[in-house]
Amino acid sequence: MKSTVAPAQPFLIFTSSPRIEKMSYSVSNLRRQYQEAATSKEAGEKFYQLMSVYREQDAVVLAYKAAAEAIRARDASMFNKLTYVQNATKQFDEAVKLNANNAEIRFLRLSVESNLPSFLGLSQHVDEDRQFLLNTLLQHPKSGLDAESFGLVRSFMVDRGHVSEADAQKLAQL
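None of these values were measured; they are calculated from a predicted model.

> Tell me what's going on with the pattern of salt bridges, and back it up with residues and numbers.
Scanning the model with the defined rule gives 12 salt bridges in all. With its nearest N and O atoms 2.8 Å apart, the salt bridge here joins Glu 104 to Arg 31. With Glu 104 in helix 6 (residues 103–113) and Arg 31 in helix 2 (residues 27–37), this pair connects stretches of sequence that are 73 residues apart. The exposure classification of Glu 104 matches that of Arg 31, with both residues buried. Two residues, Asp 129 and Arg 109, come together in a salt bridge whose shortest N-O distance is 2.7 Å. With a gap of 20 residues between them, Asp 129 in helix 7 (residues 126–138) and Arg 109 in helix 6 connect regions that are remote in the sequence. The network of salt bridges with common partners includes Arg 31, Glu 104, Asp 146 and Glu 148.

> Before we move on, could you go through helix 9 (residues 165–172) and cite the residues and values that matter?
The set of residues buried in helix 9 consists of Asp 167, Ala 168 and Leu 171. Axial view of helix 9: buried residues confined to an arc of 105°, hence all on one face. Away from its buried face by more than 90 degrees, helix 9 exposes Glu 165 and Ala 172. Those residues of helix 9 that are buried are in contact with helix 7 and helix 8 (147–159).

> Break down the confidence of the model for the chain for me, citing the residues and quoting the values.
Regions with low pLDDT should not have their predicted coordinates read in detail. On average, the chain scores 89 in pLDDT, and the residues at 70 or more come to 87%. Contacts for the low-pLDDT stretch residues 1–20, under 50 throughout, to residues beyond four places or in other chains number 1 contact.

> Lay out the packing of aromatic side chains with the relevant residues and their values.
Under the definition given, this model contains 5 aromatic pairs. Ring centres 4.9 Å apart and planes at 55° place the aromatic pair Tyr 25 and Tyr 54 in the tilted group. You can see Tyr 25 sitting in the loop between helix 1 (18–24) and helix 2 and its partner Tyr 54 sitting in the loop between helix 3 (41–52) and helix 4 (59–75), a full 29 residues away along the chain. Using a relative accessible area of 6% as the deciding quantity, one classes Tyr 54 as buried.

> Tell me about the environment of Asp 129, and name the residues and values.
Overall, the relative accessible area of 0% leaves Asp 129 in the buried class. The spacing of Asp 129 and Ser 111 is 18 residues in sequence and 9.6 Å in space, taken between C-alpha atoms. Dropping the residues within four chain positions of it, Asp 129 is found in contact with Arg 106, Arg 109 and Leu 110.

> So what about the nonpolar core? Which residues, and what values?
Counting residues in hydrophobic clusters, the biggest one holds 43 residues, and the most contacted among them are Phe 47, Met 51 and Met 157. Counting residues per element, the ones that place at least two in this core are helix 2, helix 3, helix 4, helix 5 (78–98), helix 6, helix 7, helix 8 and helix 9. In terms of residues, this core owes the most to one element, helix 4, which gives 11 residues. Membership of the second largest hydrophobic core comes to 7 residues, among which are Ala 76, Tyr 84, Val 85 and Leu 116.

The rules we used
- Residues numbered from 1 in each chain as written.
- Predicted model: local features only at pLDDT ≥ 70, side-chain atom pairs only at ≥ 80, totals over all residues.
- Heavy atoms only, no water.
- Salt bridge = Lys/Arg side-chain N within 4 Å of Asp/Glu carboxyl O.
- Helix = DSSP H or I, 4+ residues; strand = E, 2+ residues; numbered from the N terminus.
- Buried < 20%, exposed > 50% of the residue type's maximum accessible area, 1.4 Å probe, protein only.
- Arc of directions from axis to C-beta.
- Contact = heavy atoms within 4.5 Å.
- pLDDT = per-residue confidence, 0-100.
- Phe/Tyr/Trp six-rings, centres within 6.5 Å; stacked < 30°, edge-to-face > 60°.
- Core = buried A, V, L, I, M, F, W, Y, C linked by side-chain atoms within 4.5 Å.

Shown next, in the form of structure tokens:
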């Protein structure tokens, strides 16, 4: 009588490595995922899922979490859109309260608020953030922005018409 033994079934062990988690929430990773999420519904959902489990209090990461909420609003049903936008607004307020002088936080808030319909009344920081970012950009390379974020913010400000033609020319020289 021939004995048959079933092959061993592989199994996976999932652990949450602090190193992997830190990599997931690194600013450069979040910046890349945010840009992808802004253009793709699938990437937006992935970005939202990553950010929805974030529970720490890093101001910049909280701003990306707020941005993920706003992107989720873009893709949500009409019934849920306002809830996600309101959540994003609260999280941006918290992030700015933690670090009001961080240009990346202000950029994220501006990029969201400047795209909201005005009738919602949730775009109250657009002018303030626009001026803050312009002043910050004009101080570059002493702006505190790394080269990647400087280029991203400058492109956004110029391409979306958030600066005058004269200021756009000044920024082009930096």
